Amino acid sequence: MVAVLSPNERDPYENLAPGYEGVGEFYDLFADNSDLSFYIEYANKCGSPILDIAAGTGRVTFALAKQGHEVVALEQSQSMLSVAKKRLLNSPTAVVDRVTLVAGSMINFELSKNFPLIILPTSFAHALTTEDQLSILKCVYSHLRDDGLFVFDIFPGEMQYENATFEDKPVQLGDSHTVSRSGEIHSDPSKKLMRMDLRYTIRNVTGTIVKVTEGVSGAALIFKSDADYLIEESGFTVEEESGDFEGSPYTPESGRRIFVLRKGD
Ligand SMILES: C[S@@+](CC[C@H](N)C(=O)[O-])C[C@H]1O[C@@H](n2cnc3c(N)ncnc32)[C@H](O)[C@@H]1O
């Protein structure tokens, strides 16, 4: 369906940003960690150093560093990076020595270093345009060793809701408060964009709301043919592809599309 906007109504898909500023402290509380053993397996296979792109709070970075891997974590959001920095301060020296946090954008980066493994967990679609997506892949290509692997996942555009609401279970905070996360998802397949309006509500011990933090997050809808085009255009070859982190084959009904890429012949 095509939405017709009245003259003073703003396009809800205009100026969409990744939307992590101010909410970094809540990210890990609601994160799905079912991908960690998958990334650890590839880290053990390829070795260090590993580049973790759009590393967020360091959810995957620190899991790899704890396994003995050296990791460079590239992240744009100061809010997410500040959580990663706190994590670093509270880590044992051996882990601290293995982690390097770098502030920067995945769309255009130059680290003057090559990696046997580059990963980009759950974040690729925050590059909203084909041009930006190709730019990421070009940067990855130039930072990947010739025999290295690039591993990333997307939520296939075909499987995204056009309109949905959700409410996660409240999570206990250290100070006897709770935080709950709720949100609305709207997708426009014709624009190939998704908008997620997120709300974090903090309640005290009596259940009274003491703070509400809201944010809008934008993501690209990446359909099968789009992903296939991006990979071919950027000179990568698909080494493996799956529809979940347990290795099930990707099908049109899969909720994820996970790629293991190598440089093309
Ligand atoms: C869903 S979170 C995933 C974080 C982390 N990869 C993980 O799996 O826990 C998406 C992350 O992508 C980051 N991000 C979005 N656009 C970015 C960009 N252009 N450059 C670097 N990071 C970006 C956001 O700030 C956020 O930390």
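Residues numbered from 1 in each chain as written. Predicted model: local features only at pLDDT ≥ 70, side-chain atom pairs only at ≥ 80, totals over all residues.

## Quick look at the environment of Ala 55
The test is simple: By definition, any uninterrupted DSSP run of H or I lasting at least four residues is a helix, any uninterrupted run of E lasting at least two residues is a strand, and each is numbered from the N terminus. Counting other C-beta atoms within 10 Å of each residue's C-beta, where C-beta atoms are placed from the backbone, gives the exposure class: buried for 20 or more, exposed for 12 or fewer, partly exposed between. Distance between backbone-placed C-beta atoms decides contact: two residues are in contact if it is within 7 Å.
Mapped onto the elements of the fold, Ala 55 is located in the loop between strand E1 (50-53) and helix H3 (59-66). Under the C-beta neighbour-count criterion, Ala 55 is labelled buried, with 28 such atoms within 10 Å. Residues Ala 55 and Val 212, 157 residues apart in the sequence, show an inter-C-alpha distance of 25 Å. Discounting chain neighbours no more than four positions away, the residues touching Ala 55 are Val 60, Thr 61, Ala 73, Leu 74, Glu 75 and Ala 84.

## Quick word on the domain arrangement of the protein chain
Spelled out, the test is: Each domain's limits were defined by an automated method or a database of domain assignments. Asp, Glu, Lys and Arg are counted as charged, while Ala, Val, Leu, Ile, Met, Phe, Trp, Tyr, Cys and Pro are counted as nonpolar; the rest, among them Gly, fall into the polar class.
What the domain assignment reports for the protein chain is domain 1 (35-157 + 223-263) and domain 2 (159-220). When each unit is reduced to the centre of its C-alpha atoms, the spacing between domain 1 and domain 2 is 25 Å. Of the residues lining the interface, eight residues belong to domain 1; the matching set on domain 2 comes to seven residues. Residues of the side of domain 1 that touches domain 2, tallied by class, amount to five nonpolar, three polar and no charged.

## Some remarks on the nonpolar core
Test applied: Here, a nonpolar core denotes buried Ala, Val, Leu, Ile, Met, Phe, Trp, Tyr and Cys residues that are linked to one another through C-beta atoms within 7 Å.
With 58 residues, the main nonpolar core has Ile 50, Ile 53, Ile 118, Ile 119, Phe 150 and Ala 220 as its most contacted residues. Considering every element that reaches this core, the biggest residue donor is strand E5 (residues 144-154), with six residues. For this core, the two domains that each supply at least three residues are domain 1 (35-157 + 223-263) and domain 2 (159-220). With sequence-adjacent residues up to four places away left out, Ile 119 is seen in contact with Tyr 39, Ile 50, Asp 52, Ile 53, Val 60, Val 151 and Phe 152.

## Side note on unusual backbone geometry
Look at the link from Ser 48 to Pro 49: it is a cis peptide, with omega at -5°. Relative to the elements of secondary structure, Pro 49 occurs in the loop between helix H2 (36-46) and E1. Positive phi values are uncommon outside glycine, yet Lys 192 reaches one of about 60°. By secondary structure assignment, the location of Lys 192 is in the loop between strand E8 (178-188) and strand E9 (193-203). For Lys 192, a count of 19 C-beta atoms within 10 Å puts it in the partly exposed group.

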